[in-house]
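# Results of the structural survey
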Amino acid sequence: MAEIEQQWIDPVQEDQELTTFQLYPQPSRGTTDAEGSYQLYLPPQYETEPERHFPVIYWLHGGFGNARQGSDMVARIDKAIRNDVMPPAIVVLPQILPIGWYVDSKDGARPLAQITAFDLVQHVDSTYRTIPEARARTVEGFSMGGFGALHLGLKYPKIFGKVSAVGPAILRDLKDEPADRVNNTYFGDQEYYDACGPWSLVLANAPELRRTSQVRLLSGSLDVRLAPTIRALDARFTELGVPHDFFEVQDKDHEYADIMDGYGDAYYAWWRTA
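Basis of the calculations
- Residues numbered from 1 in each chain as written.
- Predicted model: local features only at pLDDT ≥ 70, side-chain atom pairs only at ≥ 80, totals over all residues.
- Heavy atoms only, no water.
- Salt bridge = Lys/Arg side-chain N within 4 Å of Asp/Glu carboxyl O.
- Helix = DSSP H or I, 4+ residues; strand = E, 2+ residues; numbered from the N terminus.
- Pairing = 2+ DSSP bridges.
- Axes fitted to C-alpha atoms, helices over the stretch in contact; angles between N-to-C directions.
- Contact = heavy atoms within 4.5 Å.
- Phe/Tyr/Trp six-rings, centres within 6.5 Å; stacked < 30°, edge-to-face > 60°.
- Buried < 20%, exposed > 50% of the residue type's maximum accessible area, 1.4 Å probe, protein only.
- Lys NZ or Arg CZ within 6 Å of the ring centre and 35° of its normal.

Overall, the coordinates contain 14 salt bridges when judged by the stated rule. Note that Asp125 and Arg137 form a salt bridge whose closest N and O atoms lie 2.7 Å from each other. Taken as a pair, Asp125 in helix H3 (residues 112-127) and Arg137 in strand E5 (residues 137-142) lie far apart in primary sequence, 12 residues in all. Of the charged contacts in the structure, one is a salt bridge between Arg225 and Glu177, with a shortest N-O distance of 3.2 Å.

Pairing within the open sheet is mixed, and its eight strands lie in the order E1-E2-E4-E3-E5-E6-E7-E8. Pairing within the sheet leaves two strands with one partner each, and these edge strands are strand E1 (20-25) and strand E8 (244-249). In this sheet, adjacent strand axes meet at a mean angle of 20° when their direction is disregarded. Taken together, the five bridges between strand E3 (residues 56-60) and E5 define a ladder with parallel strand orientation. Considered in E5, the bridge of Trp59 is made with Glu140. In this fold H3 packs onto E1, strand E2 (35-41), E3, strand E4 (90-94) and E5, with an angle of close to 115° to the strand it touches most, E1. In the packing of helix H9 (residues 227-240) onto the sheet, the strands contacted are strand E7 (214-220) and E8, and the crossing angle to E8 comes to about 160°.

Per the stated rule, a full pass over the model turns up 15 aromatic pairs. A ring pair is formed by Phe142 and Tyr256, whose centres lie 5.8 Å apart and whose planes are at 70°; its orientation type is edge-to-face. Of this pair, Phe142 sits in strand E5 while Tyr256 sits in helix H10 (residues 256-263), and the two are 114 residues apart along the sequence. The buried category is assigned to Phe142, whose relative accessible area is 14%. Look at Tyr186 and Tyr192: their rings are 6.1 Å apart centre to centre, the planes differ by 55°, and that puts the pair in the tilted class. The class for Tyr186 is buried, based on a relative accessible area of 0%. In this structure Tyr192 comes out as partly exposed when scored by relative accessible area, which is 22%. Chaining the aromatic ring pairs together yields one cluster made of Trp101, Phe147, Tyr186, Tyr192 and Tyr193. Here the basic side chain of Arg172 rests over the ring of Trp199, its NZ or CZ set 3.9 Å away from the ring centre. The ring of Trp271 carries Arg216 above its face, with NZ or CZ at 5.1 Å from the centroid.

This is the structure in structure tokens:
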């Protein structure tokens with residue numbers, strides 16, 4: 001466990017089929033030499049249209065995962081861009097520890113939210129031809145990454161204007177999550193867990209979210225552990241008047257590819273309107 005608590009850089013430091021391995025500075029960790037890694041996808045237009053700037057999708061991996069988990073999503077997006085189904089976009093797949101929930105740990109040792117929302121975004125905007133505005137930044141994630149997408153997008157709406165959570169792990173009771181997944185982040189503190197979760201954040205920032213944000217919730221109907229809670233969060237967004245889309249794919253469980261297949265072309269249509 002101690003090893004993955006410090007796995008800021010993917011141990012597989014290799015390019016993937018459609019992405020390249022990259023490093024970036026993490027000053028939020030308090031040292032000048034701290035670095036993390038990510039996989040980077042650039043759309044075909046990045047090379048062919050050298051004056052053009054692009055929106056960015058930040059895709060967050062699930063628990064005990066890594067940046068390479070996003071390869072399926074990148075393949076789908078690349079095909080959609082090449083077929084003119086969705087606008088071209090840069091995709092960043094960060095390695096933000098195999099555990100940690102993309103939040104700042106209660107003990108302050110792992111400031112994951114600050115690293116993602118500030119260190120990584122600033123690096124990407126200064127390194128690539130992005131549209132450096134919240135309206136052109138989406139944070140998306142699956143499972144633990146879905147929790148992270150909601151945490152970051154609802155906490156920092158001035159940074160991430162679009163939020164897409166696929167099968168987000170948003171159980172209300174901290175004790176329902178395995179201890180080895182949560183103890184080094186929340187340290188058994190239900191109050192801190194509540195403060196980091198989407199229920200509290202959407203309530204606290206509802207006025208700003210209503211003005212500026214778009215949110216998407218996707219899940220599978222057979223995901224008996226998470227689907228009821230995701231439905232309840234959909235109701236909370238509706239109650240607070242926060243713009244969002246919600247879709248539950250029938251007869252699918254907690255599998256990213258299955259949810260994407262069931263959602264179909266609507267997945268890419270959302271990017272066009274967003």
